[in-house]
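# Survey of secondary and tertiary structure
So the chains spell out like this:
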Amino acid sequence: MAGPTRPAERAAPAGRAQATAASLAIAGLVPLSTCDWPDRLVATVFLQGCPWRCGYCHNPALLDPREPGRLPWSDVTALLARRAGLLDGVVFSGGEPTRQAGLLDAVRQVRAAGFGVGLHTAGAYPRRLAALLPWVDWVGLDLKAPSGRYDDVTGVPGSARPAFASLRLALDAGVALQVRTTVDPTVLDELEVARLSALLAGLGVRDHVLQEVRTEGVRPEYAEALARAATARA
């Protein structure tokens, strides 16, 4: 798989060590996935920690950034050595993978080994995303709501600003992009979802996927809110 042109290597600022892939807090590794990158066979690496608290999150164990990783980066490189020629690439997911500074080194290593790189992100850290985009072949970007309802989904004030800034970065980079919206029925109605789809189309998004909330794994309080929303719609 041909990838984007690599940027020139730049030394880390004096007195400041560059984070490496070995520093990653890795919460899990799926050796083979057919659903994390459309039309690709990939390994998926789940990174620990996320700054947002979406009610529908079905991996709440991955939210806490203080949790240590469960496996070392060497497990990932060993898998890739065994699967050379069998996998199309590696997808980094989370949590929010761009939270961890060592991701850039990990992505470079994956590319150097001859694999494509996919990234799942909610766009919480636009500056780090900008550094990653020249090295990434495909991005699955979660856009959660119209800007006026963003905080209601994420539980964090001001979360729309970095998310939409990240969307602009991805569009300007020309990277293959899929924007996904998990429709939270406790927050969004059909009109708001339609407005978001129209907004994204106007910004240049050509692949916008609406996803249903997954009930397995969600926190009990959200499951209760979801049931109340379903009753109200009935």
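Everything that follows concerns the structure shown earlier in this document.
Residues numbered from 1 in each chain as written. Predicted model: local features only at pLDDT ≥ 70, side-chain atom pairs only at ≥ 80, totals over all residues. Heavy atoms only, no water.

The subject of this paragraph is the packing of aromatic side chains. Applying the stated criterion across every chain yields a total of 4 aromatic pairs. Measuring from ring centre to ring centre gives 6.2 Å for W73 and F92, while their planes differ by 25 degrees; the resulting arrangement is stacked. On the criterion of sequence distance, the pair formed by W73 in helix α1 (residues 73-82) and F92 in strand β3 (residues 89-93) is long-range, its members being 19 residues apart. There is no split in this pair, since W73 and F92 are both buried. Between Y150 and F164, the ring centres sit 5.9 Å apart and the planes meet at 65 degrees, which makes this aromatic pair edge-to-face. With Y150 in helix α4 (residues 150-154) and F164 in helix α5 (residues 160-173), this residue pair connects regions lying 14 residues apart in the sequence. The class for Y150 is buried, based on a relative accessible area of 0%. (Phe/Tyr/Trp six-rings, centres within 6.5 Å; stacked < 30°, edge-to-face > 60°. Helix = DSSP H or I, 4+ residues; strand = E, 2+ residues; numbered from the N terminus. Buried < 20%, exposed > 50% of the residue type's maximum accessible area, 1.4 Å probe, protein only.)

What follows covers the sheet that holds strand β1 (residues 26-33). Hydrogen bonds between backbone atoms are what pair the strands of a sheet, whose relative direction is either parallel or antiparallel. The 7 strands are arranged β1-β2-β3-β4-β5-β6-β7 in an open sheet whose pairing can be described as mixed. With partners counted over all chains shown, the strands left at the sheet margins are β1 and β7 (208-212), one partner each. Looking at each pair of strands side by side, their axes are set apart by 20 degrees on average, direction ignored. Its contacts with the sheet put helix α6 (residues 190-203) on β6 (176-183) and β7, and the angle it makes with β7 is roughly 155 degrees. (Pairing = 2+ DSSP bridges. Axes fitted to C-alpha atoms, helices over the stretch in contact; angles between N-to-C directions. Contact = heavy atoms within 4.5 Å.)

Bringing the nonpolar core into the picture now. Among the nonpolar cores identified, the biggest contains 59 residues, and I26, W73, F92, V110, L143, Y150 and L167 are the most heavily contacted of them. Excluding residues that lie within four positions of it along the chain, W73 makes contacts with A21, A22, L24, I26, F92, A106, Q109 and V110. (Core = buried A, V, L, I, M, F, W, Y, C linked by side-chain atoms within 4.5 Å.)

Okay, the pattern of salt bridges next. Under the criterion given, the structure shown has 7 salt bridges. For R66, the salt bridge is made with D64, and the minimal N-O distance between the two is 3.0 Å. When its relative accessible area of 73% is taken as the criterion, R66 is described as exposed. Here R180 and D142 are joined by a salt bridge, their closest N and O atoms 3.5 Å apart. Of this pair, R180 sits in strand β6 while D142 sits in strand β5 (residues 138-142), and the two are 38 residues apart along the sequence. What makes R180 buried here is its relative accessible area of 10%. Each of R149, D152 and E192 takes part in one network of salt bridges that share partners. (Salt bridge = Lys/Arg side-chain N within 4 Å of Asp/Glu carboxyl O.)

As a further point, take the environment of R233. Inspection of the secondary structure puts R233 in helix α7 (residues 220-233). For the pair R233 and P185, spaced 48 residues apart in sequence, the C-alpha separation works out to 9.5 Å.

Attention now moves to the packing of α1 against helix α2 (residues 103-112). Where α1 contacts α2, the two axes come as close as 11 Å, and the packing angle between them is 15 degrees. When the axes of α1 and α2 are compared, the pair comes out roughly parallel. The handedness of the crossing between α1 and α2 comes out as right-handed. Every residue of α2 that contacts α1 at W73, T77 and L80 is listed here: A106, Q109 and V110. Per-class residue counts for the contact of α1 with α2 are 4 nonpolar, 2 polar and no charged. (Parallel < 35°, antiparallel > 145°, perpendicular 65-115°, else oblique. Left-handed = near helix turned anticlockwise from the far one by under 90°. Nonpolar A, V, L, I, M, F, W, Y, C, P; charged D, E, K, R; others polar.)

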